[in-house]
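Take a look at the letters that make up each chain.
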Amino acid sequence: MKLIIKSSLPDHSISHFVHSFWMLENKTGKDIPSTVLPNGMVDMTLMKINSTNWKMLVRGLDTEPSAVVIEKGAKIFTIGLKLLAVEYLLGDSIKDVLNEGKNISNDFWQFGENDMSNLEKFCKRATQKIKTKSIENIDSRKKKLFELIYSTNGSLPVKELSEHVFWSSRQINRYFHQQFGISLKAYCNILRLGASFKHLSEGKLFPEQNFTDQNHFIKEIKKYAGVTPKELSKNKDDRFIDITAIKNFPS
C-alpha cells in the first residue's frame, strides 16, 4: 500500500480561477509527515479520514513552510485556486487564514459522494460549478492585473503592473491586504518561487524565474521552503507534496 498523489490541469475555460486540481490518498497504513510549501495558490479542499464524513475547508496563502501530517486512511481532493477566485468564487476574504485553513460550506459546490470516487469526477463536478460564475462581472482592472501576474510568474515590478492596469500601487496593495492578507510584492515573490518548483522537480537547480543570481535564488528558496534547492529537488520520501504532484503535470 502506498501514498497516492495525482494532479490535473484545468480546462482553459476556468483557468482564470483555477491553477490545478489535486488528489491524495494515504493507503500506507501509517501517518505521513509532510511539508506544505508557499506556491501562490489558495487551496479549497475536501477531506475524509477513513469512514468519517467529508470536511470542506479553504486554506489561505502560505508565506512559510508548514509541517503537516497526512493521517492514515486520509482521502483528499483539492482545487488550487488563483487569487481572482477568492472574491468572485468564494465571495470572502482570506486575510485571516494566512498559513492555515477554515471550514466552509458545501452549499455552492454541492459535491456528492460519487464526485469524490476519483480525480476525474471531482474535476468534472468542480468545473461544472465554476462555469456557472460569469467572468463578465469581473472588474476589468483586476482581471488584467491577475492575467499579467500569472503570465509573467510574478516577475513584473509592482510599479509596472500598476501602470499596465491604470490602478495605483497604493490601491492595489490595499486590495491585496484586505482580500489576501499580504502585499502584491510579497505575493509576486511567492508566485515566482512556486513557478520554480517545476524546474526543481526535474532536477534543474539554477534559477529560471528572473532571480538576480544563483545566490539570490538559494536565499529565496531557503526563506520560503526552509531548505536548499538541492534538498527540495531530491524531495526525499516525498516530503514536499507540491514537488511530487508537479511531476505529474503535463509539460
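One can find the structure itself at the top, above this paragraph.
Values in this document were obtained by computation on a predicted structure and should not be read as measured data. (Residues numbered from 1 in each chain as written. Predicted model: local features only at pLDDT ≥ 70, side-chain atom pairs only at ≥ 80, totals over all residues. Heavy atoms only, no water.)

### Points about the overall build of the protein chain
- Within the protein chain, the regular secondary structure consists of nine helices and eight strands.
- Whereas a compact globule of 251 residues would reach a radius of gyration of roughly 18 Å, the protein chain reaches 18 Å, a difference of no more than 12%.
- In terms of overall dimensions, the protein chain has a C-alpha envelope of 50 × 45 × 30 Å along the principal axes.
- The buried share among the 251 residues of the protein chain stands at 50%. (Helix = DSSP H or I, 4+ residues; strand = E, 2+ residues; numbered from the N terminus. Rg over C-alpha atoms; globule rule 2.2 N^0.38 Å. Buried < 20%, exposed > 50% of the residue type's maximum accessible area, 1.4 Å probe, protein only.)

### Details of the pattern of salt bridges
- Applying the stated criterion to the full structure yields eleven salt bridges.
- A salt bridge links Lys142 to Glu87; the nearest nitrogen and oxygen atoms lie 3.0 Å apart. With a gap of 55 residues between them, Lys142 in helix H3 (residues 140-151) and Glu87 in helix H1 (residues 84-90) connect regions that are remote in the sequence.
- Taking relative accessible area as the criterion, Lys142 reaches 10% and is therefore assigned buried.
- Among the salt bridges present, the one from Lys143 reaches Glu147, with a minimum N-O distance of 2.8 Å. Of the two residues, Lys143 and Glu147 both sit in helix H3, four residues apart, roughly one turn of that helix.
- Relative accessible area serves as the criterion here: at 28%, Lys143 is assigned to the partly exposed category.
- Overall, Glu147 belongs to the partly exposed group, its relative accessible area being 43%. (Salt bridge = Lys/Arg side-chain N within 4 Å of Asp/Glu carboxyl O.)

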